[in-house]
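# Tertiary structure, described
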Amino acid sequence: MPKVDLERVRPYGDTLDDGKVQLAFSLPLRYGPEAKEAARQLAMKMGFEDVDVVSAHDLGGPFTFFVVYGKCVHSVDVTQLHIPKVEVEQMDYFQINDFIRDKLGRKITVVAACTGSDAHTVGIDAIINMKGYAGEYGLERYPWFRAYNLGAQVPNETLVARAIETGADAILVSQIVTQKNVHIANLTRLVDLVEAEGIRDDVLLICGGPRISHELALELGFDAGFGPGTLPSHVAAYIAQELVRKEHRTSARLTEER
Amino acid sequence: MKLNLDTDKIARCRECASDIADEVMKGVERVTTTAIERTVLRLVGVDGVDSAGVPLPNVLVDMLREAGRLGDGAACHMGRAVAATGLSPQAIADKAAAGELDFASFDDVEDDRARAVLEDAIEASLARIEANAAKRCELIEKLDPGTEPLIYVIVATGNIYEDVGQAQSAARSGADIIAVIRSTAQSLLDYVPYGATTEGFGGTFATQENFRIMRKALDEVSLETGRYIRLVNYCSGLCMPEIAAMGAMERLDMMLNDSMYGILFRDINMKRTFADQHFSRMLNAYAGITINTGEDNYLTTSDAYEEAHIVLASQFINEALAYRSGLPDEQIGLGHAFEIDPATTNGFLYEVAQAQMARDIFPNKPLKYMPPTKYMTGDIFKGYLMNGMFNLAGVMTGQSIQLLGMLTEAVHTPHIHDRYLAIRNAKYVFNNARNLGEEITFKPGGIVESRAQQVLNKATTTLEQARETGLMAAIEDGVFAGISRTPDGGRGLDGVVERNPEYWNPFAEEIPARLTRGGRCSSCRK
C-alpha cells in the first residue's frame, strides 16, 4: 500500500486518497426527481465530488430519505493535531488495588450520580455497581474503593452534600440525555457549586457519557471526561494515579513552604 | 404450550402473586393520595390553571390537604360546594383559585345531597370515556386493526407540533402504534403541565392538550392509511391516575402502567405508587386502554441472563394487580426485553426461551417486547442487525407489541429516518418469517426448553419468598433490580393520607360495578 501523507489525510474506500464517504440524511421534500437532485446538490455543497444518490425512500408526506456516496475533496493535516487525553497508565483490577495500597495507603472514596433530570443510570451503573460491565467489576467491588452510587435524577446540591459528608476524593457524574445541550448547563452548575462550597481542590471532578469527551470535560472545568467504551478500570486507574500525583504535588509544595 | 413447562410451577407462581397482590390491596384500600383526588376533580370537570400557572386540581387538593380534609375525598367537598353555591365544579375551582371561596368550608351540606348534585357530572364523565372506548372499537372494526406483532415506535422531539409530523410519517411508513415519550423529568412533577407544549428534554410533556393534538393527527393518518393508529403515553410517576384520566378523556389506546416502576426507578414512595397504580389502572380498564408494564427496565440495571426470573416474577405480580383493577387479559400488556449481552454464545436461544416462555405462560395477553438498548453503542450497523435479531425473536414467538429498536440508540432521540429504517427492518423480518413460529417445535430438554424451565423455577422461588415477607419487604431487600426502597422513603409520601370513614370516590365505586357488567366486547363493553 502506498504511504499515507499525514499532512493530507482523506477518507479511504478501497484506494488510497479516493475520498469515498457514505452519507445518510433526510430532506423535508416530497419523494421525486427534484428531491433526489436537491440531495445531490446539497452533497456537492458539503464538499463531495462524483456524488451518487444510490437510494431514495419516500418517508410519507413531505420527507425523503437518501443514501449518498461521494468523494470528499477535503483533507486533514494530522501532524497539526493536539488532542487532550486523560493521562493514565492502563492497569487491571488487581494492579489498581495494589497501586492504591502501596502508593496511597488508604481507601479512595467516590460518590457518583446521574444528575439533574437525567434518569438513565446505565452508564454510571456500569462503572460503579458491583457487577460492572463487559466482564469487568465495577468500583463497588474494588476493596480499595469506597463507592457510593446515588442513582438517577440526583440534584447537584445533593451530590455535593454527599461528597462533603463522605469526604469524597472524587465526584463522578453521568449524563446521557443531551438533547438541547441540557447536560452542558447541568455539568457547569456542578462545577460552580463545588467551587462555591470551597472543595474544588479537594476532589477530582469527573464526568462521563456517550457525548462526553475529555476535551469537553476540561472546557467545563472538570478534571477528566470519559466517553463511550469506557470500562470501570479506566476510571479507577485514572482516579488512583491522579490522586497519587496530587499527593506528590501537595507534599512537594509543603516541602517548599517549609 | 410450545415449551413443556411445569404447569404446577406456573399455578404456584399465580397463587403466590395473587396472595402478594391481596396483601398490597389491604394497604391500598386504607388510603387515598393527592394524585387520586386531583384525578377525581378532573373527572368531575375541573381543568385549567391559576394565575401562577398551577393546575386548578392541585389548588383545590392543596386546600383540602392544608385543612386536613383530604381523607374525606375531594368529591365529597366538591359535592358540598356545588350544593351550597349552585355553581359548576369548574366555577368553584376558578373562584377558589381567585381566593373568593374556601373549598373546604361547606360542612353544612348533607352527604346525600352532596352526592346527588354531582351525579350529572360523574355520569357525563363516564359517558365520555365510554364513548371513546366505543369509538375506538368502531374505528378498529372499520379500519385494518393491524397484524401482530404490532409495530410500536416512539417520537420525542420535545415539541408536540414537530412530533405530529414525525408520528404521521412513521404511521405512513407502517407504524401501528405511536408513543410520545415524555420530557425526562415529568415523572417527578407532582402536577400535570397544562396546554400545548413546544419545549421538553428527551421528550414532550404529557398534557391533555398535547394528547388531543396527537389524537387528532393520528385519526387523520388512520383514515388516510386505512389502519387504526394507536396512541400511547405514560401513566408513571407522581401523576399516574391523572394521566390515566386524561388518556381516557382523549382516547389514548395504550398506557405504560407498571405497579412497581415508579418505586424502583423513580424513587417514588411505595404506598403512593400502589394506591395510584390501582386507581389509574381502573381508569385504563374502563377506557379500554391496554396497559404496558415495564419489566424491561429491570434489565437495563441488572444482567438480562442472570435476572431473567425477576422479569417473570414481576409479570405475575403485574398480572395479579391488574386483575384487581378490573383489567381483562386483552388489556394487560406484560413487558419484557431483548437485552442479553450480544457477545453471549447462544444468547439468541436464551432470548427466544424467555419470549416463548412468556407467550406460553400468558397466552391471552398482548405481550410487549422491548428492544436491545443496553448494548447499543453507537455502532449503528451492528445495532441494526441486533434489532433484526430482536424482530426475528418477536415474530417467531408470537409477541403482540414490538417496540422497535433504533439503530441510533445511545446516540440521540430518533431522527425521522431512524424510525423509517427500524420499520423497514421489522416489516422485512415479520413478513419474511411470518409463520416461522407455527413450524417450530423445540427439542425436549434442549437449550431453549431447559433455560425456560430454569427461569420459571427461579421465579417460583422469588415469588414464594416475596409472599412470605410481603412485597414491600421484598422491595426493601432489593429483590427487584437490586434496588432497595423503604415503605416510608421516596418521593410523594406526603401526598398519601388515610381515608376517613365517610371517604367518597364516586369513580372508584362506579367503575368496578360497570366493569363487571360486561358486554360483548371486553374493551368497550357494548
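Just so it is clear, the model here is predicted, and its values are computed rather than measured. (Residues numbered from 1 in each chain as written. Chains lettered and ligands numbered in written order. Predicted model: local features only at pLDDT ≥ 70, side-chain atom pairs only at ≥ 80, totals over all residues. Heavy atoms only, no water.)

## Thoughts on the overall build of chain A
- Helix and strand counts for chain A stand at seven helices and eight strands.
- Its C-alpha atoms put chain A at 75 × 45 × 35 Å along the principal axes.
- Expressed as a percentage of the 258 residues in chain A, the buried residues total 44%.
- Of the roughly 13,400 Å² of accessible surface on chain A, a fraction of 52% belongs to carbon and sulfur atoms.
- Both charge centroids of chain A, one from 27 positive and one from 36 negative side chains, sit 2 Å from each other. (Helix = DSSP H or I, 4+ residues; strand = E, 2+ residues; numbered from the N terminus. Buried < 20%, exposed > 50% of the residue type's maximum accessible area, 1.4 Å probe, protein only. Areas by Shrake-Rupley, 256 points an atom, 1.4 Å probe, with all protein chains shown as cover. Lys, Arg positive; Asp, Glu negative; His and termini not counted. Charge placed at Lys NZ, Arg CZ, Asp CG, Glu CD.)

## Observations regarding the sheet that holds strand E8 (residues 335-337) of chain B
Residues and elements named next belong to chain B.
- The nine strands lie next to each other as E7-E6-E5-E4-E3-E2-E10-E9-E8, forming an open sheet whose pairing is parallel. Unpaired on one side and paired on the other, strand E7 (332-333) and E8 mark the two borders of the sheet.
- Bridging between strand E3 (residues 177-180) and strand E4 (residues 230-234) involves three bridges; their strand directions are parallel. Each residue of the ladder has a partner; that of Ile-177, found in E4, is Arg-230.
- Contacts from helix H16 (residues 416-432) reach strand E2 (150-155) and strand E10 (401-403) within the one sheet, and its direction differs from that of E2 by about 170°. (Pairing = 2+ DSSP bridges. Contact = heavy atoms within 4.5 Å. Axes fitted to C-alpha atoms, helices over the stretch in contact; angles between N-to-C directions.)

## Let's talk about the environment of Val-164 of chain B
Residues and elements named next belong to chain B.
- Mapped onto the elements of the fold, Val-164 is located in helix H7 (residues 160-173).
- You can call Val-164 buried: its relative accessible area is 16%.
- Sequence-wise, Val-164 and Gly-68 are 96 residues apart; in three dimensions their C-alpha atoms are separated by 43 Å.
- Once residues lying within four places of it in the same chain are set aside, the contact partners of Val-164 are Ile-213, Met-214 and Ala-217.

## Looking at the interface of chain A and chain B
- Each side of the interface is counted separately: chain A has 25 residues, and chain B has 33 residues.
- At the boundary of chain A with chain B, total buried surface from both sides reaches about 2,300 Å², with 55% on carbon and sulfur atoms.
- The interface formed by chain A and chain B includes zero salt bridges.
- Here chain A and chain B share six residue pairs in polar contact (both at pLDDT 80 or more) between them. (Buried area = accessible area lost by both parts, 1.4 Å probe. Salt bridge = Lys/Arg side-chain N within 4 Å of Asp/Glu carboxyl O. Polar contact = N/O pair within 3.5 Å; in protein donor to acceptor, adjacent residues only side chain to side chain.)

## Some points on the pairing of E4 of chain B
Residues and elements named next belong to chain B.
- Most of E4 sits inside the fold, with five of its five residues counted as buried.
- Taking every second residue as pointing to the same face, both faces of E4 are buried, with Arg-230, Val-232 and Tyr-234 on one and Leu-231 and Asn-233 on the other.
- The β-α-β motif built from E3, the intervening helix H8 (residues 208-225) and the parallel element E4 has right-handed crossover chirality.
- Where E4 and strand E5 (residues 254-256) come together, three bridges link them in parallel fashion. Counterpart to Tyr-234 in the pairing with E5 is Leu-256.
- A crossover links E4 with its parallel partner E5, the connecting element being helix H9 (residues 240-249), and its sense is right-handed. (Right-handed = clockwise from strand over helix to strand, strands pointing away.)

## Thoughts on the domain arrangement of chain A
- Its domain assignment divides chain A into domain 1 (20-78) and domain 2 (93-257).
- Each of domain 1 of chain A and domain 2 of chain A was reduced to a C-alpha centroid, and the two centroids are 42 Å apart. (Domains from an automatic or database assignment.)

## Some words on the side chain of Gln-399 of chain B
Residues and elements named next belong to chain B.
- Tracing the chain through its elements places Gln-399 in the loop between helix H15 (380-396) and E10.
- Residue classification places Gln-399 among the buried positions, given a relative accessible area of 1%.
- Polar side-chain contacts of Gln-399 include one of 3.3 Å to the backbone oxygen of Ala-355.
- Separated by 3.0 Å, the side chains of Gln-399 and Thr-397 make a polar contact.
- With residues near it in sequence (within four places) discarded, Gln-399 still touches Glu-148, Pro-149, His-336, Ala-355, Arg-359, Leu-367, Tyr-369 and Gly-394.

## A few points about the sheet that holds strand E7 (residues 204-208) of chain A
Residue and element names in this part refer to chain A.
- Strand order across the open sheet formed by five strands is E5-E4-E6-E7-E8, with parallel pairing between neighbours. Both outer strands of the open sheet, strand E5 (145-149) and strand E8 (224-226), are each paired with one neighbouring strand and no more. The mean inter-strand angle of the sheet, taken between neighbouring strand axes irrespective of direction, is 20°.
- Taken together, the five bridges between strand E4 (residues 108-114) and strand E6 (residues 170-174) define a ladder with parallel strand orientation. The partner of Ala-112 across the bridge, within E6, is Leu-172.

## Describing the packing of helix H14 (residues 347-361) of chain B against H15 of chain B
All names here are of chain B.
- It is the contact of H14 with H15, at a shortest axis distance of 9 Å, that shows an interaxial angle of 35°. Crossing of H14 over H15 shows right-handed handedness. Only Met-389, Leu-392, Ala-393 and Met-396 of H15 make contact with H14, whose side of the interface consists of Phe-348, Val-352 and Gln-356.
- The residue inventory of the contact of H14 with H15, partitioned by class, reads six nonpolar, one polar and no charged. (Left-handed = near helix turned anticlockwise from the far one by under 90°. Nonpolar A, V, L, I, M, F, W, Y, C, P; charged D, E, K, R; others polar.)

## A word on the nonpolar core
- Counting residues in each nonpolar core, the largest one holds 163 residues, and the members touching the most others are Met-78, Tyr-152, Tyr-298 and Phe-480 of chain B.
- Element by element, the count of residues in this core is highest for helix H13 (residues 308-324) of chain B, at 10 residues.
- Residue contacts for Phe-480 of chain B: discarding those within four places in its chain leaves Met-260, Leu-264, Tyr-298, Ile-310, Ile-317, Leu-471, Ala-474 and Ile-475 of chain B.
- If you look at the next biggest cluster of nonpolar residues, it comprises 32 residues, including Ile-96, Ile-108, Leu-204 and Leu-243 of chain A. (Core = buried A, V, L, I, M, F, W, Y, C linked by side-chain atoms within 4.5 Å.)

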